[in-house]
Amino acid sequence: MTTTQAPIALYGFLRPRPERADEVREILSALVEPTRAEEGNLEYHIHEQADGRFFLYEVWRSKEDLDLHNEYPPLRDFLNNAADYLDGAPEAYFDTMTSSYPAR
């Protein structure tokens, strides 16, 4: 019997510094298409809240796929400089999905 690994979800909020909100929006928006094209990406969505926060929702085939994504240079640059862009630490959650995920 083969065991299938459950997908991994990463989700949370980013609160940009007010003077950097447009830059954060541009950076996050520029990540959408390249991220969706990555092998192992199942979902990648960015939502902008009425209070100015950005909500990110990602689903990955495996933790290994997410780890590879986290090495993408533009994302790495943003994460390494997050304190310059964000008002406070990201509120992030990382979980294995317990509901079934439709096969592609």
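The shown structure was predicted, so the numbers you read here are calculated from the model rather than taken from an experiment.

Caption draft 1: Spatial organisation of the pattern of salt bridges. This structure, assessed with the given rule, holds 9 salt bridges. For D67, the salt bridge is made with K63, and the minimal N-O distance between the two is 2.9 Å. Separated by 4 residues within a single helix, D67 and K63 lie in helix α2 (residues 63-69), roughly one turn from each other. Here K63 falls in the partly exposed class, since its relative accessible area comes to 37%. Connected via shared salt-bridge partners are R15, D51 and R53.

Caption draft 2: How the structure looks around the layout of surface pockets. Roughly 340 Å³ of internal volume is contained in the largest pocket. Residue assignment for the lining of the largest pocket shows that the elements contributing at least two residues are β1 (8-14), α1 (21-36), β3 (54-60), α2, α3 (73-80) and β4 (91-96). With 5 residues, β1 is the single largest residue contributor to the lining of the largest pocket. Looking at the lining of the largest pocket residue by residue, the class counts come to 16 nonpolar, 3 polar and 2 charged.

Caption draft 3: Layout of the packing of aromatic side chains. The final tally for this structure, using the stated rule, is 3 aromatic pairs. When the centroid spacing of 5.5 Å and the interplanar angle of 25° are considered together, the rings of Y11 and Y93 count as stacked. Here Y93 lies in strand β4 and Y11 lies in strand β1, a separation of 82 residues in the sequence. By relative accessible area, which is 27% here, Y11 ends up partly exposed. Seen from their ring centres, F13 and F55 are 5.1 Å apart, and the 50° between their planes marks the pair as tilted. Remark: F55 occurs in strand β3 and F13 occurs in strand β1; sequence separation between them is 42 residues. Considered together, F13 and F55 belong to a single accessibility category, that of buried residues.

Rules of the game
- Residues numbered from 1 in each chain as written.
- Predicted model: local features only at pLDDT ≥ 70, side-chain atom pairs only at ≥ 80, totals over all residues.
- Heavy atoms only, no water.
- Salt bridge = Lys/Arg side-chain N within 4 Å of Asp/Glu carboxyl O.
- Helix = DSSP H or I, 4+ residues; strand = E, 2+ residues; numbered from the N terminus.
- Buried < 20%, exposed > 50% of the residue type's maximum accessible area, 1.4 Å probe, protein only.
- 1 Å grid on protein atoms, 1.4 Å probe; cavity = no way out; pocket = protein on both sides within 12 Å on 5 of 7 lines; lining within 4 Å.
- Points joined across faces, edges and corners; volume = space filled by probe spheres on them.
- Nonpolar A, V, L, I, M, F, W, Y, C, P; charged D, E, K, R; others polar.
- Phe/Tyr/Trp six-rings, centres within 6.5 Å; stacked < 30°, edge-to-face > 60°.

Coordinates in, geometry out; function isn't part of it.
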